[in-house]
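# Architecture at a glance
Spelled out, the chains give:
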Amino acid sequence: NFLVITCLTMSKVARDVLFLDNFAAVMLPYADLSITVCVILVMAVYLRIGSHPRINLYSLVIGSLWLFAVVMGVFWWLVHYHQSLWLFPAFYIWIGIFGALATSQVWILASEIYTTREAKRVFGILGSGAIGGAITGGFSSRGVVELFGTESLLLFAAVFLIICSGLVWHLTRHPQNSTKRDDRSEAQNTDETPKNLTQNVRFIWDSTYLLAVAGVICLTAVVTSIIGWQFKAIAKEFIPEKDDLAAFMGTFLGMTGLLGLAIQLLLTSRLLRRLGLGLTLLFLPIALITGSLGVLIAGTLGSIVMLKGADSIFRYSIDKSTVEMLYLPVPSDTKFH
């Protein structure tokens, strides 16, 4: 989790800065809409591959990580030696696909390894790995940009992904995980298990619980996407230079990561035990409502930093751990889908 989020943070800094250096901020929503379409297509292929009886979850994750690492290297080479205008939207979309797939793989692995009782105890700590990755990725981005330039972030991200694949391979050597992997493979062969994207959508639609979970994720994605567009557009307006903007974003992500880590370690588990899932889920919406009012009234760099800061701090600490807890009642053989 730490390595994936470190890589994702560095990649997003490079993606956003390179895109804004070549396109106006008004094009950001179109780029994110393109990510949505591409993620649907990629997930359809991913689910079909993952449903094959000869491919287990661990092999699928390791193969995905190596693919992401290789593509990172290819994009670095293209940016340096074969710059074309199409390259930056393509890179923007690819990082969006990587973020959607790689982060979900982490929690799928976690749900396979831990029981419900274990998850309640350790998911808060597991989530802190992601926040630690955001801190490391943010501050490392600033350092790498100042020494080597924005484009070099892609090579560092590729190295983190290769190391991450080694850790996943290490998980396959654990006897308990091997047994669960075999059980999952047998479960996937049953007639009740969804076999493709269409069946997965129908499966979710027929479940009131899964539909509610999907609704929470959908609404959060809409709001955080709008906040992200506002943050990038206003930051670009105040900080037009490419490397300066990358250094600013890296510092911002590192600082919000530090605050998020403190909240994750000190508050998340306590809130889940005392308030339950329902009330704990309200922390992020309340923070975003307050921050959005500040941007509406002031519209300054400071106001958008406060709003985006609230989003980053609560979404990757309290909210992330709480949402992942919602998956625990889902049967093991359907979590992958």
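Given the structure is predicted, the values throughout are model-derived calculations rather than measurements.

## Remarks on the environment of Val61
Mapped onto the elements, Val61 comes out in helix α3 (residues 57-81). A C-alpha to C-alpha distance of 9.0 Å links Val61 and Leu109, two positions 48 residues apart in sequence. Those residues within four positions of Val61 in sequence are excluded, and the remaining contacts are Gln105, Leu109 and Val168.

## Quick notes on the side chain of Asp32
As for its placement among the helices and strands, Asp32 is situated in helix α2 (residues 28-50). For the buried Asp32, which has no salt bridge, the nearest side chain bearing the opposite charge is Lys232, at an N-O separation of 4.9 Å. There is a polar contact of 3.2 Å between the side chain of Asp32 and the side chain of Tyr92. If we skip the residues at most four places from it in the chain, Asp32 touches Tyr92 and Trp229.

## Description of helix α9 (residues 208-238)
Taking 1.5 Å per residue, 31 residues should reach 45 Å; α9 reaches 45 Å between its end C-alpha atoms and fits that length. By the burial criterion, the buried members of α9 are Leu210, Val213, Thr224, Ile227, Gly228, Phe231, Lys232, Ile234, Ala235 and Lys236.

## Quick word on the nonpolar core
Judged by nonpolar contacts, the single largest core of 80 residues is most densely connected at Met72, Phe98, Leu161 and Leu245. In terms of residues, this core owes the most to one element, helix α4 (residues 87-113), which gives 17 residues.

## Some points on the packing of helix α1 (residues 2-22) against helix α6 (residues 153-172)
Closest axis-to-axis distance for the α1/α6 pair is 9 Å, and the angle between their directions is 160 degrees. If you check the angle between α1 and α6, you find them roughly antiparallel. Our pair here, α1 against α6, has a crossing hand that is left-handed. Contacts between α1 and α6 involve Leu3, Val4, Thr6, Cys7, Met10, Ser11, Val13 and Ala14 from the former and Leu153, Leu154, Phe156, Ala157, Phe160, Leu161, Ile163, Cys164 and Leu167 from the latter. Of the residues belonging to the contact of α1 with α6, the class tally is 15 nonpolar, 2 polar and no charged.

## Let's talk about the confidence of the model for the protein chain
Overall, the predicted model of the protein chain reaches an average pLDDT of 84, with 90% of residues at or above 70. Per-element confidence in the protein chain is highest for α1, whose mean pLDDT is 92, and lowest for helix α7 (residues 175-188), whose mean pLDDT is 50. Contacts of residues 184-189 to residues separated by more than four positions or lying in other chains number 15 contacts, the stretch itself having pLDDT below 50.

## Brief notes about the environment of Val330
Counting through the fold element by element, Val330 comes out in the loop between α12 (301-325) and α13 (332-335). Taking the C-alpha atoms as reference points, Val330 and Ser111, 219 residues apart in sequence, are found 9.9 Å from one another.

## Re the packing of aromatic side chains
Tallied over the full model, the rule gives 10 aromatic pairs. Residues Phe19 and Tyr92 carry aromatic rings whose centres are separated by 5.0 Å and whose planes lie at 50 degrees to one another, so their mutual orientation is tilted. Here the residue Phe19 occupies a position in helix α1, and Tyr92 occupies one in helix α4, the gap between them amounting to 73 residues. Phe19 gets classed as buried once you look at its relative accessible area, which sits at 3%. Note on Tyr92: relative accessible area 0%, which makes it buried. The rings of Phe19, Phe23 and Tyr92 are connected pair by pair, giving a single aromatic cluster. Looking at Arg15, its charged tip hangs above the ring of Tyr92, at a distance of 4.1 Å from the centre.

## Regarding the pattern of salt bridges
Applying the stated rule across the entire model yields 6 salt bridges. With a closest N to O distance of 2.9 Å, Asp311 and Arg315 form a salt bridge. Placement of the pair is Asp311 and Arg315 together in helix α12, with a separation of 4 residues, close to one helical turn. A cluster of three or more residues bridged by salt bridges with shared partners is formed by Arg15, Asp16 and Lys232.

## A short note on a nonpolar patch on the surface
On the surface, a cluster of nonpolar side chains totalling about 440 Å² of accessible area is made up of Leu275, Leu279, Leu282, Phe283 and Ile286. When residues of the nonpolar patch are traced back to their parent elements, those giving at least two are α10 (242-280) and α11 (283-297). Mapped onto the elements of the fold, Leu279 is located in helix α10.

## Details of α10
The end-to-end C-alpha distance of α10 is 38 Å, clearly below the 57 Å that 39 residues give at a rise of 1.5 Å each. The largest bend in α10 amounts to roughly 90 degrees and is located at Arg274.

## Looking at the side chain of Ser303
For Ser303, the position within the fold is in helix α12. Overall, Ser303 belongs to the buried group, its relative accessible area being 10%. A polar side-chain atom of Ser303 sits 2.7 Å from the main-chain carbonyl oxygen of Thr300. Not counting residues within four places of it along the chain, the set of residues in contact with Ser303 comprises Gly294, Val295 and Ala298.

About the thresholds
Residues numbered from 1 in each chain as written. Predicted model: local features only at pLDDT ≥ 70, side-chain atom pairs only at ≥ 80, totals over all residues. Heavy atoms only, no water. Helix = DSSP H or I, 4+ residues; strand = E, 2+ residues; numbered from the N terminus. Contact = heavy atoms within 4.5 Å. Buried < 20%, exposed > 50% of the residue type's maximum accessible area, 1.4 Å probe, protein only. Lys, Arg positive; Asp, Glu negative; His and termini not counted. Salt bridge = Lys/Arg side-chain N within 4 Å of Asp/Glu carboxyl O. Polar contact = N/O pair within 3.5 Å; in protein donor to acceptor, adjacent residues only side chain to side chain. Expected span 1.5 Å × (residues − 1). Core = buried A, V, L, I, M, F, W, Y, C linked by side-chain atoms within 4.5 Å. Axes fitted to C-alpha atoms, helices over the stretch in contact; angles between N-to-C directions. Parallel < 35°, antiparallel > 145°, perpendicular 65-115°, else oblique. Left-handed = near helix turned anticlockwise from the far one by under 90°. Nonpolar A, V, L, I, M, F, W, Y, C, P; charged D, E, K, R; others polar. pLDDT = per-residue confidence, 0-100. Phe/Tyr/Trp six-rings, centres within 6.5 Å; stacked < 30°, edge-to-face > 60°. Lys NZ or Arg CZ within 6 Å of the ring centre and 35° of its normal. Patch = residues over 30% accessible without salt bridge, like charges linked within 9 Å, V, L, I, M, F, W, Y side chains within 5 Å. Areas by Shrake-Rupley, 256 points an atom, 1.4 Å probe, with all protein chains shown as cover. Bend = angle between axes of the 7 residues up to and from the residue.

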